[in-house]
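# Examination of the molecular architecture
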Amino acid sequence: QKEVEQNSGPLSVPEGAIASLNCTYSDRGSQSFFWYRQYSGKSPELIMFIYSNGDKEDGRFTAQLNKASQYVSLLIRDSQPSDSATYLCAVITSGTYKYIFGTGTRLKVLA
Amino acid sequence: EPEVTQTPSHQVTQMGQEVILRCVPISNHLYFYWYRQILGQKVEFLVSFYNNEISEKSEIFDDQFSVERPDGSNFTLKIRSTKLEDSAMYFCASSASPSDIQYFGAGTRLSVL
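Presented here is a report on the structure given in the accompanying data block. (Residues numbered from 1 in each chain as written. Chains lettered and ligands numbered in written order. Predicted model: local features only at pLDDT ≥ 70, side-chain atom pairs only at ≥ 80, totals over all residues. Heavy atoms only, no water.)

At the junction of the two partners, chain B supplies 18 residues and chain A supplies 22 residues. Of all residues in chain B, K42, I101 and F104 of chain B give up the largest surface area on contact with chain A, accounting jointly for 31% of the area buried on that side. Counting the contacts that link chain B with chain A gives one salt bridge. Of all elements in the fold, only β4 (31-37), β5 (43-50) and β9 (88-95) of chain B reach the threshold of two or more residues within the side of chain B that touches chain A. (Contact = heavy atoms within 4.5 Å. Buried area = accessible area lost by both parts, 1.4 Å probe. Salt bridge = Lys/Arg side-chain N within 4 Å of Asp/Glu carboxyl O. Helix = DSSP H or I, 4+ residues; strand = E, 2+ residues; numbered from the N terminus.)

What follows is about the state of the cysteines. All names here are of chain A. One pass over the structure, following the stated rule, counts two disulfides over all chains. Each sulfur in the disulfide pair C23 and C89 lies 2.1 Å from the other. Looking along the S-S bond of the C23-C89 disulfide, the torsion reads about -70°, which is the left-handed sense. Taken together, the residues span a long stretch of sequence, with C23 in strand β3 (residues 19-25) and C89 in strand β9 (residues 85-92) at a distance of 66 residues. Since its relative accessible area comes to 1%, C23 is described here as buried. When its relative accessible area of 0% is taken as the criterion, C89 is described as buried. (Disulfide = S-S within 2.5 Å. Buried < 20%, exposed > 50% of the residue type's maximum accessible area, 1.4 Å probe, protein only.)

Residues and elements named next belong to chain A. Where strand β6 (residues 54-58) lies against strand β7 (residues 61-66), five bridges are found, and the strand directions are antiparallel. Paired with G54 across the bridge in β7 is L65. Taken together, β6 and the strand that follows it, β7, pair antiparallel across an intervening segment of two residues, in which G59 is found at a positive phi of about 65°. (Pairing = 2+ DSSP bridges.)

In structure tokens form, the structure reads like this:
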């Protein structure tokens, strides 16, 4: 069974701090990695995607991928209360094109 | 900006009834997906669809479920005889290529009474 694991949280950070969200996956052949944000009762909204080892930055967000450790993370700099949401890690594993989602990490940014 | 559109936003039905959830994927996308999310749980894959046939389905997607692309724009999920445990948010998604970003619709909340 191919798994994607996330700490469910909540992760609480003060406004302006860096939030660090982590995700591990079990299938070493996974190729594509995505971070989505989901507000309560709403649909997943794409934040970042990453395909290669290393860091990828987009505004306040940085995705980090380490395929050797089967680990992908999302850093949110200068966290704002509006960033409070559940962050979903999604992985496309080898031999398939479906997303496997983690349970999500609930982030609370305290004003 | 192109978006995936789902209707209805909320569907209430009696156990044993048939429901059809509708989706209009992004117009130039060729790959279509249904996912569901039971309240408080993770998003789960149901089925993927390409070139007018199912390309992959999960264990959840049993004989009670079917998908169809009845015309050039709509993509539907039918549940033949709903059960209480089918109550969930159902999300449609589409992508331009199979390993590409999937864009999600706003979802249909299905309540089975």
